[in-house]
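So you can see what is in the structure, the chains are spelled out below.
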Amino acid sequence: MDAATHNISRIINTICPFCGVGCGIGLRVEQEKITGVEPLVSHPVSQGKLCAKGWSTAYAVDPIDRITTPLIKENGTFRPASWDEAYRVITEAFSTTIAQQGADALGVIACARATNEDCYAAQKFARAALGTNNIDHCARICHSPSVAGLRQTLGSGAMTNSINDIEKADLIVVFGCDPTENHSVLGGRIIGAKMAGARLLVIDPRKTRLAQMADLHLQLQLGTNIALINGLLQIIFANGWEATEFLNSRCENEAALRARVAEYPPERVAAITGVPEEKLIAAARIYTEAERALLTYGMGITQYTTGTNNVISISNLALVAGQIGREGTGINPLRGQNNVQGACDMGALPNVFPGYQEVAEPASRARFATHWQRPLPERKGLTSLGMTKEALNGNLRCMLIMGEDPVVTDPDQHHVQRALEALDLLVVIELVMTETAAMADVILPAAAFSEKEGTFTNCERRVQRIAPAIPAPGEAKPDWQILGELAGRLGYHGMAWPNAEAIFNEIATLSPLYQGMSYPRLAKNHGLQWPCNEQAPNGTSLLHSKAFSRGKGRLIPVSHAGPAEMPDEAYPLFFTTTRLHFHYGCGSMTRKSPLLERETPNGVLFINPADAQALAIKPQTKVRISSRRGEVETRAVITDEVPPGTVAMPYHFKEAPSNRLTNTAQDPVTKMPELKACAVRVTNLEAECK
Amino acid sequence: MKRFLLDRIDRLRDHLASQRPLFTPQGNDGSAELNWLPLTRETPPTATGRPRLPTCPAKQFFFPEREILFRFDGNDFKETLPKPTPQILFGVRSCDLCAIAYQDRFFQQDPYYQARRRATLLVGIDCQIPCDGGFCPTVDAGPFVRDGMADLVCHQQQDEGWLLMAQSAEGEALLRGLDLKAAETSRIDQRTRAQQQVIARFPPATHIETGIQRINRAEVPAGQWQALGLQCLACSGCTSLCPTCSCFTSYDRPAADGFERERCWDSCLYDAFQREASGHNPSATAGQRVERFWFHKFSDEYAKTFGRYGCTGCGRCEKTCPGVIGVHSVMKSISAAP
Ligand code: SF4
Ligand code: SF4
């Protein structure tokens, strides 16, 4: 971007690094700097469109505040160090810990923004180089309940259909998410489908943009998803609207489900959810009447203590209505981060190897042990929340965190901070100085997505290649290379790959889902959707068309349970977290755009006009929000998009970290924290000082 | 100005490229995209037949997405005016040329823009077939290159070969050394007639015409703008790709020593575009912002200042808008209003 000339020298086609939609972008390079973005018109998903985040990619990768050498903390401040010294410090601490306490005193957190190759390297590093299954990533805080729930009912936790199916549906159900904010290009395709004549049913406590366009909006109380779905199922069975033939031939356990949902007659469900009976009946009717109904859901389903059960009930609904296994139907979880699907596929999870092969299965352990030439640990690994808990108990002593910022994004910020402080050694592989990196003992500089080869897997299971546009700054290098070198220092030489493609080939050998893929094939096809193997050489756009991955679709009765913390006298309002179109995760990338930063500079609190009036809050009034765990201050935005009695806050801002307030109460199955509901009190700070 | 007959257009392209760096629309890396990129040995021949616009217009060459305005090192301000090397944009279509002329006016006093613009020679091509989604004739921006909009203009003739028109002294000078025959005057009338035939092939654009009327008569109810505003995701795609959009903001960023002021493309669809420090916003709703955008494109008031509408009919906003409120969608909606 120097002043001399502005000659575009090249444009590199790659994939947007922000969300799970995985849009195609061209990075414009002028004089070895990325100066802008051009949308890819030939990309099958984005078709020449991008959202505000995608358009701002040039800012996100601005070299301005990049970490360019390894850093070691000494007396509280960082000093540059050589790779050799940094590796030595880490190797010594890791080896000592393993000798004293065993490998399970170490933990690795991979990253849902990193490439598949990086995530694969991270789990191989934990399992083969260190000898522990303590490997996780942030799917825990967005979609682990999808994986856990759908694996029980269908046998696979991924989106069942494809983004191109949106235009094939005649009813689109949007459940607990606002794709126009968080997955905007996909959300835009829903708008397009609606305009072309599809019907739209939105189930959300908030009056979202799509809710305002919908044919029917069920504005349920926070945390009453299961009651609502059981209610719909009761209506469906009571009226004989279920897909009998589909249930008989493809599902099991119908009787148990019927018995359970019988406990949820419309009057009771209306009382729990606040949704009038007529609307419940209308929703049950249009969902079962539709020729092809496509259901999509997001974190309004998963971020609850009942997250896994919420997902199971979504699955019950789709199975009973037979709205799955055909084009234009299905259960389609919207993944948050760009590669959260890939991070799961790669086995950056404590319980599975790449391709969801169970660690607990001796046969899969043996297979990986042979291939990796290392005996592999059998002991169950810890989740990321488990790791921070054990750090506080002194059982986990060193951690390696790859490009995640749990200090900002995890629930209960204070807990995470204390846990990281308690460690003997915290190693962070990062691009920039995040809040988490600032707590590290050693920081290793990583290459950004625009500086390396690799693949991302989008929410419709499409594995897509990214390409380097410019070289990495300073001494930064790809995560997989750092991990491989570190593994070598620890005496494990099975990770000395020459390039990212070699890792991908190893993945294709070991994961049946990726078996038929290779870099050249991915390049030729704008990516391939898994499973891609001998049976499906060109990939699979539709899962479960003849049989479910587990055989029969399993109906599992579940019961309503309210959020772990309900409003009371001391904390009278419901609090929920949201995301904004403009920002992404902890904001460390999107907030570098002066334009996006300007939109909502210091975070905001969304409050309903009725609640605002009661507290004499005006637009932009300064407010304090307190929960049993902490408090934050920010400014109010008054909107009827949140219902009365509920306030909402986006989680991207470190100045106003909503996660100081949220509850760490967890889903018992996945340990998913309840980020979507807790109780708070709002104080008008301007009234106080008058 | 002089007129010549030219057998092959790429003979001209090669001749020009031998004198100055030349940029022309092509697929990066052999992909199906179309971007403004430097001519290389791999660049395919100039496409004839149904035209396709490059994804981005040429405005980034003169008004880059990000540009340092000056540096401050703690003591002194350092000027960062560009000193561009002369360059050629080859194969610019009429709509985009009209947009360049529009921005030339807007940035008349802007030394950064003018430095780049003056160093650039424009070679236009007449469109012989309507492009997909374009409606240049409706807004007087094509399909043939308007007089004075380019230094050189190429017109593919119906019988054979090309008519090459030099419209500036600089353009003519660059032709020196190229073996060309002078063209008869009758060729000009043939070209005028050919344009009528091409215009006749454009699909009807009554929705655009009616929409323009409604906007100028303030006949579009606020509620309708609100409904359209609901579909605006504030992505900034339309303003990034619109060849006439010129709004920018500036901000200071830390530099090696001191700071530098960078100016960057802004978008009037952002909430904070007009928000004042007090929090007050004259365009507080998305509906108001969408209305203002289209007012700027189609209002007679702006046409007075700029000599033409702010829309040149390229159709890019329709293609890139994720919320389906590009020019055709919006104009259909407002022209159908009661
Ligand atoms: S929708 Fe997602 S993938 Fe597409 S441009 Fe936006 S952030 Fe990037
Ligand atoms: S308003 Fe749309 S059609 Fe008109 S010039 Fe701009 S991008 Fe092209």
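Everything discussed here concerns the structure shown above.
In this text the structure is predicted, and so the values were computed from the model without any measurement.

## A look at the packing of helix α9 (residues 225–239) of chain A against helix α13 (residues 277–289) of chain A
Residues and elements named next belong to chain A.
No. 1: Packing of α9 against α13 brings their axes to within 9 Å, and their N-to-C directions diverge by 70°. Regarding the angle of α9 to α13, the classification is roughly perpendicular. Seen along the crossing, α9 lies across α13 with a hand that is right-handed. Within the contact between the two elements, α9 uses Leu-228, Leu-232, Ile-235 and Ile-236 and α13 uses Leu-280, Ile-281, Ala-283, Ala-284 and Thr-288.
No. 2: The residue makeup of the contact of α9 with α13, split by class, is eight nonpolar, one polar and no charged.

## Overview of the pattern of salt bridges
Oppositely charged side chains can pair when the atoms bearing their charge come close.
No. 1: Summed over the entire model, instances satisfying the criterion amount to 57 salt bridges over all chains.
No. 2: The partner of Arg-263 of chain B in a salt bridge is Glu-67 of chain B, and the shortest N-O contact between them spans 3.3 Å. Placement of Arg-263 of chain B in strand β12 (residues 259–265) and of Glu-67 of chain B in strand β4 (residues 66–72) is noted, with a sequence separation of 196 residues between them. Each member of the pair, Arg-263 of chain B as well as Glu-67 of chain B, is classed as buried.
No. 3: Across the salt bridge formed by Arg-253 of chain B and Glu-260 of chain B, the nearest N and O atoms sit 3.3 Å from each other.
No. 4: Note on Glu-260 of chain B: relative accessible area 9%, which makes it buried.
No. 5: Through salt bridges with shared partners, a single ionic network connects Asp-62 of chain A together with Arg-66, Arg-71, Arg-253, Glu-260 and Glu-262 of chain B.

## Brief notes about the packing of aromatic side chains
No. 1: A complete count under the given rule lists 29 aromatic pairs over all chains for this structure.
No. 2: Here the aromatic rings of Tyr-356 of chain A and Trp-530 of chain A are separated by 6.5 Å at their centres, their planes lie at 50°, and the arrangement is tilted. Here Tyr-356 of chain A is found in the loop between β14 (352–353) and β15 (357–358), whereas its partner Trp-530 of chain A is found in the loop between β21 (528–529) and β22 (553–554), with 174 residues between them in sequence. Of the two residues, Tyr-356 of chain A and Trp-530 of chain A, neither departs from the other in class, the shared state being buried.
No. 3: Consider the rings of Phe-70 of chain B and Phe-77 of chain B, whose centres lie 5.5 Å apart with planes at 75°: the pair is edge-to-face.
No. 4: By relative accessible area, Phe-77 of chain B is classed as exposed at 56%.
No. 5: Just above the ring of Phe-548 of chain A sits the side chain of Arg-250 of chain A; from NZ or CZ to the centre is 4.4 Å.
No. 6: When the ring centre of Phe-62 of chain B is taken as origin, the NZ or CZ atom of Arg-117 of chain B, which lies over that ring, is 5.5 Å away.

## Focus: the site of ligand 2
All names here are of chain B.
No. 1: Near ligand 2 you find 13 residues, and of these Cys-242, Cys-311, Cys-314, Gly-315 and Cys-317 are the closest.
No. 2: Secondary-structure elements contributing two or more residues to the shell around ligand 2 are α9 (286–298) and α11 (316–320).
No. 3: Here the shell around ligand 2 is built from residues that sort into eight nonpolar, three polar and two charged.

## Here's the deal with the interface of chain B and chain A
Where interface size is quoted, it is often the accessible area lost as the parts come together.
No. 1: Listed per partner, the contact involves 58 residues of chain B and 53 residues of chain A.
No. 2: Of the roughly 4300 Å² buried at the junction of chain B and chain A (both faces included), carbon and sulfur atoms supply 54%.
No. 3: Per-residue buried area on chain B facing chain A is highest for Arg-66, Leu-230 and Leu-233 of chain B; these three make up 16% of the total on that side.
No. 4: Note that Arg-66 of chain B is salt-bridged to Asp-62 of chain A, the shortest N-O span being 2.5 Å.
No. 5: At the boundary of chain B with chain A, the tally comes to 14 residue pairs in polar contact (both at pLDDT 80 or more).
No. 6: Looking at the side of chain B that touches chain A, the elements that each hand over two or more residues are β3 (35–38), β4, α8 (237–241), β11 (248–254), β12 and α11 of chain B.
No. 7: When grouped by side-chain class, the residues that make up the side of chain B that touches chain A number 28 nonpolar, 15 polar and 15 charged.

The rules behind these values
Residues numbered from 1 in each chain as written. Chains lettered and ligands numbered in written order. Predicted model: local features only at pLDDT ≥ 70, side-chain atom pairs only at ≥ 80, totals over all residues. Heavy atoms only, no water. Axes fitted to C-alpha atoms, helices over the stretch in contact; angles between N-to-C directions. Helix = DSSP H or I, 4+ residues; strand = E, 2+ residues; numbered from the N terminus. Parallel < 35°, antiparallel > 145°, perpendicular 65-115°, else oblique. Left-handed = near helix turned anticlockwise from the far one by under 90°. Contact = heavy atoms within 4.5 Å. Nonpolar A, V, L, I, M, F, W, Y, C, P; charged D, E, K, R; others polar. Salt bridge = Lys/Arg side-chain N within 4 Å of Asp/Glu carboxyl O. Buried < 20%, exposed > 50% of the residue type's maximum accessible area, 1.4 Å probe, protein only. Phe/Tyr/Trp six-rings, centres within 6.5 Å; stacked < 30°, edge-to-face > 60°. Lys NZ or Arg CZ within 6 Å of the ring centre and 35° of its normal. Near = heavy atom within 4 Å. Buried area = accessible area lost by both parts, 1.4 Å probe. Polar contact = N/O pair within 3.5 Å; in protein donor to acceptor, adjacent residues only side chain to side chain.

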